Amino acid sequence: LLLCFSLLNLPEQASAQLSTVQRDITTFQTDWYGVEFTQTTNWTLFLTHYYPADDIAVLLYDQNLSDTYNPEEEFNAVAGGRNFFFSNSILLDYVSVPPGYYTIAVMAFAIVTEDTTLYNIESNHELDFISTTYFVDISVEGLNSVYPANVTWDFLGKTHTDEVVNNWFMWVDDSSTLNLDKTIMIDSVERLHSIEDVKFTIVESEELEIYYFHQYLSTIRTSGIPNNIPLELSFASGGEIHTASFNNFWSDWIDESRSVVLPRIIEISNNERFITTDEVIIQTNQPVDVLMDYQHQRLVSISHNVDRSIPVTYSSFGDEIHDLIDNDLTLWLDDDSDFIVPSIIQSIEDDQRFVINTNSWSVDSNPIIIEYSHQIKPTVIVRGLLENYPTTIEYQIQGLQKIASSSSVWSEWVDSGSSLQIANEVYGKPGEKWLTYDSTTELLN
């Protein structure tokens, strides 16, 4: 019936027209017009386009949408028409239209014949062009109703703001900017964040997908590493693996349920390193603030001249370690710590031992060479002398020559392999002496 009415009234409408508009339109584009009546009037509006297959509608609103649009309120057309693929024209013919401002939308649902099509509007009242808009559909993941994102856009020349959790759609002015929150702060150490572009210039219909990552602020501090030695770590942020180099302090946002991974060992050379016993894979199920303690260590060559394992005390990761070590080995020791051996190692036999003058070394890059002196304890039994006139005994201990005297029994520690020499003559009062024909020299092994 609308089509018949349109054809029958075309000559009368054409003769009464005051305004003719001709514009291109594409799918999901809407052109907005305004018309104002100061008194009750009759109004005719006739829209045509070339191909019936193109789906276009005309919608009429009995208000000035530029001024009254509110994102929290629905706005619905009071009248209109749509060709629904069976016609290429729409006639709106109204009698006794009340005074007021009316908004008209020419809306393209599907332009299938070309990228764009040309439409014509003929009206018996002057139409004011307001704006061209495009339909924008946004899908959002990662948000919730407690922490939505704000979306800001222009519609009919004015800027509006709304909240989006999952989906949002609206008409947006041509060449205007649509913007979403890039970051939604929950508190100072927790946020929802998008790594994608959230600012768009709208020049056509858009279907946008935005993903927000739930993130925690992770802070890593280190001790024990000099400032001139950087530390490398890897972390997951924005769905990607990143690496960073830092000195003593690092902080960044990490995706929920992912991790920060630090090196357990930082090798400076083949015999120098920094190492930690702390957990080096740190899960981010909550904000992270950790102090990583690294120990400076050196690989030290250790040798000794004792024919069996010897007890030692050294520092590893700040702990004092007591151990038995064999000859010719290497150990990772805490730098600048003390390596200690006993001053005396008693043999299983009571008459043998190993002694050393220096039994402590400060750990550095130099090897530790432990040189014990092997000692034995001989016994000398002297008979035939008086207490006032003892014999002299010459012996060696730790490389030094010593002299002792005895007229009965003498025993002392002496260097193994040295010689013991006893005086074979002892002089008493003038004209008096004692002598022995026993051996007075002994090589002590």
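If you're wondering where the values come from, they're calculated on a predicted model, not measured in any experiment. (Residues numbered from 1 in each chain as written. Predicted model: local features only at pLDDT ≥ 70, side-chain atom pairs only at ≥ 80, totals over all residues. Heavy atoms only, no water.)

**Q** Is there a simple way to think about the pairing of strand β19 (residues 231-237) in this case?
**A** Moving residue by residue along a regular strand, the side chains alternate between the two faces of the sheet. Burial runs high along β19: five of the seven residues are buried. In the sheet, β19 pairs with strand β20 (residues 240-246) via seven bridges, with the strands oriented antiparallel. Paired with Phe235 across the strands is His242, a residue of β20. Hairpin connection of β19 to β20: two residues between the antiparallel strands, including Gly238 at a positive phi of 65 degrees. As judged from the two bridges shared by β19 and strand β22 (residues 259-261), these two strands associate in the antiparallel manner. Within β22, the residue paired with Phe235 across the bridge is Val260. (Buried < 20%, exposed > 50% of the residue type's maximum accessible area, 1.4 Å probe, protein only. Helix = DSSP H or I, 4+ residues; strand = E, 2+ residues; numbered from the N terminus. Pairing = 2+ DSSP bridges.)

**Q** I tried to follow the sheet that holds strand β39 (residues 400-406) on my own but got confused; where do I start?
**A** With respect to topology, four strands assemble into an open sheet ordered β39-β38-β42-β45, the strand pairing being antiparallel. Both edges of this open sheet fall to β39 and β45 (441-443), since each of them pairs with a single strand only. If you compare each strand with its neighbour and ignore which way they point, the axes differ by 15 degrees on average. Pairing analysis gives two bridges linking strand β38 (residues 391-397) to strand β42 (residues 419-422), with the strands arranged antiparallel. Residue pairing in the sheet places Glu394 in a bridge with Gln421 of β42. (Axes fitted to C-alpha atoms, helices over the stretch in contact; angles between N-to-C directions.)

**Q** How should unusual backbone geometry be read in this particular structure?
**A** A positive phi angle, near 65 degrees, is found at Ser257, a position not held by glycine. With respect to the helices and strands, Ser257 occurs in the loop between β21 (249-255) and β22. In this structure Ser257 comes out as partly exposed when scored by relative accessible area, which is 45%.

**Q** Could you clarify how one ought to interpret the environment of Thr117 in this entry?
**A** For Thr117, the location among the structural elements is in strand β8 (residues 116-123). In this structure Thr117 comes out as buried when scored by relative accessible area, which is 5%. In this structure the C-alpha to C-alpha distance between Thr117 and Ser89, which are 28 residues apart in sequence, comes to 13 Å. Not counting the four nearest positions on each side in its chain, Thr117 is found in contact with Arg23, Asp24, Ile25, Tyr51, Asp54, Ile56 and Ile111. A polar side-chain atom of Thr117 sits 3.4 Å from a polar atom in the side chain of Asp54. (Contact = heavy atoms within 4.5 Å. Polar contact = N/O pair within 3.5 Å; in protein donor to acceptor, adjacent residues only side chain to side chain.)

**Q** In this structure, what is going on with the layout of surface pockets? I would like to understand it.
**A** One water molecule sets the probe size; rolling that probe over the atoms shows where empty space is left. Of the voids in this model, the largest pocket is the one considered here, and its volume is about 450 Å³. Contributing to the lining of the largest pocket are 23 residues, with Ile381, Val382, Ile422, Thr436 and Asp438 lying nearest its centre. Listed by contribution, the elements that provide at least two residues to the lining of the largest pocket are β37 (379-381), β42, β44 (433-435) and β45. With three residues, β37 is the single largest residue contributor to the lining of the largest pocket. Looking at the lining of the largest pocket, its residues break down into twelve nonpolar, eight polar and three charged. Of the pockets and cavities examined, the second largest pocket occupies roughly 390 Å³. Lining the second largest pocket are 20 residues, with Tyr69, Phe75, Phe169, Met170 and Trp171 positioned closest to its centre. Where the lining of the second largest pocket is concerned, the elements lending two or more residues are β4 (55-61), β11 (158-164) and β12 (167-173). Per-element tally for the lining of the second largest pocket: the top contributor is β12, with five residues. Counted by class, the lining of the second largest pocket contains 13 nonpolar, three polar and four charged residues. (1 Å grid on protein atoms, 1.4 Å probe; cavity = no way out; pocket = protein on both sides within 12 Å on 5 of 7 lines; lining within 4 Å. Points joined across faces, edges and corners; volume = space filled by probe spheres on them. Nonpolar A, V, L, I, M, F, W, Y, C, P; charged D, E, K, R; others polar.)

**Q** Please explain the pattern of salt bridges as it appears in this structure.
**A** Where charged atoms of side chains with opposite charge meet at close range, the side chains can pair. Here the structure, examined in full by the defined rule, presents seven salt bridges. With a shortest N-O distance of 2.6 Å, Asp335 and Arg298 are connected by a salt bridge. Note that Asp335 is positioned in the loop between β30 (329-334) and β31 (338-340) and Arg298 in strand β27 (residues 295-304), a separation of 37 residues in sequence. Overall, the relative accessible area of 23% leaves Asp335 in the partly exposed class. Between Glu425 and Lys433 there is a salt bridge, and its shortest N-O distance comes to 3.5 Å. We classify Lys433 as partly exposed; its relative accessible area is 41%. What emerges from the salt-bridge pattern is a single network uniting Glu272, Arg298 and Asp335. (Salt bridge = Lys/Arg side-chain N within 4 Å of Asp/Glu carboxyl O.)

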